[in-house]
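# Survey of secondary and tertiary structure
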Amino acid sequence: MDIINLIITSPEFKETLKDVVNRTIEERQSGVSEPILYTRDQLRRILHLSLPTIDRYTNLGILEAKKVGNRTLYSKESVDKALKEFAVRKYRRA
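My aim in this report is to walk through the structure given alongside it, one point at a time. (Residues numbered from 1 in each chain as written. Predicted model: local features only at pLDDT ≥ 70, side-chain atom pairs only at ≥ 80, totals over all residues. Heavy atoms only, no water.)

This part is about the sheet that holds strand β2 (residues 65-68). The pairing of strands in a sheet comes from backbone hydrogen bonds and takes either a parallel or an antiparallel form. Here we have 3 strands laid out as an open sheet, ordered β1-β3-β2, and antiparallel in their pairing. Two strands bound the open sheet, and with one partner strand each, they are β1 (37-39) and β2. Shown here is a sheet whose adjacent strand axes are inclined to one another by a mean of 40°, direction ignored. Where β2 and strand β3 (residues 71-75) come together, 4 bridges link them in antiparallel fashion. Considered in β3, the bridge of alanine 65 is made with tyrosine 74. (Pairing = 2+ DSSP bridges. Helix = DSSP H or I, 4+ residues; strand = E, 2+ residues; numbered from the N terminus. Axes fitted to C-alpha atoms, helices over the stretch in contact; angles between N-to-C directions.)

Turning our eyes to something else, we now look at the nonpolar core. If you look at the biggest cluster of nonpolar residues, it comprises 7 residues: Tyr38, Leu43, Ile54, Leu63, Tyr74, Val79 and Ala82. The residues touching isoleucine 54, leaving out its near neighbours within four places in the chain, are Arg40, Leu43, Arg44, Leu49, Leu63 and Tyr74. (Core = buried A, V, L, I, M, F, W, Y, C linked by side-chain atoms within 4.5 Å. Buried < 20%, exposed > 50% of the residue type's maximum accessible area, 1.4 Å probe, protein only. Contact = heavy atoms within 4.5 Å.)

In the structure shown here, the tally under the stated rule is 4 salt bridges. Among the ionic pairs, arginine 40 bridges to aspartate 55, the shortest N-O distance being 3.0 Å. One end of the pair, arginine 40, is in helix α2 (residues 40-47); the other, aspartate 55, is in helix α3 (residues 51-60), with 15 residues separating them in the sequence. Assessed through its relative accessible area of 27%, arginine 40 is described here as partly exposed. Given a relative accessible area of 30%, aspartate 55 falls into the partly exposed group. A single network of salt bridges, built from pairs that share partners, joins Asp41, Arg44 and Arg45. (Salt bridge = Lys/Arg side-chain N within 4 Å of Asp/Glu carboxyl O.)

Here it is, written out as C-alpha cells:
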C-alpha cells in the first residue's frame, strides 16, 4: 500500500469544500428523491380503513399496489391520486 502525502492550502481546501457542498445541495434540490411507500398497515392507519377494505380497493383498481417480495406497498402519489379521483361519501343514518 502506497502512502500519498497531499499538501493543500487553506484557500484551496475551502474552495474545494464549497464546490462539493454546493453540488450536493443542487443534487438534493433537483427533485430526485426516493418515493414514499406505505405498507398496508400504515395505509390503514392513515386512511382509517380496515385491511379488507384496502384489499378490496386494490382489487377494484382504486388503489395501485406494488409487490416487493411478500410485502404490498402503496406509493404516496398513487394514494393521493386515488383520494382526488374518488370522493368519499358519508351517509347519515336515519
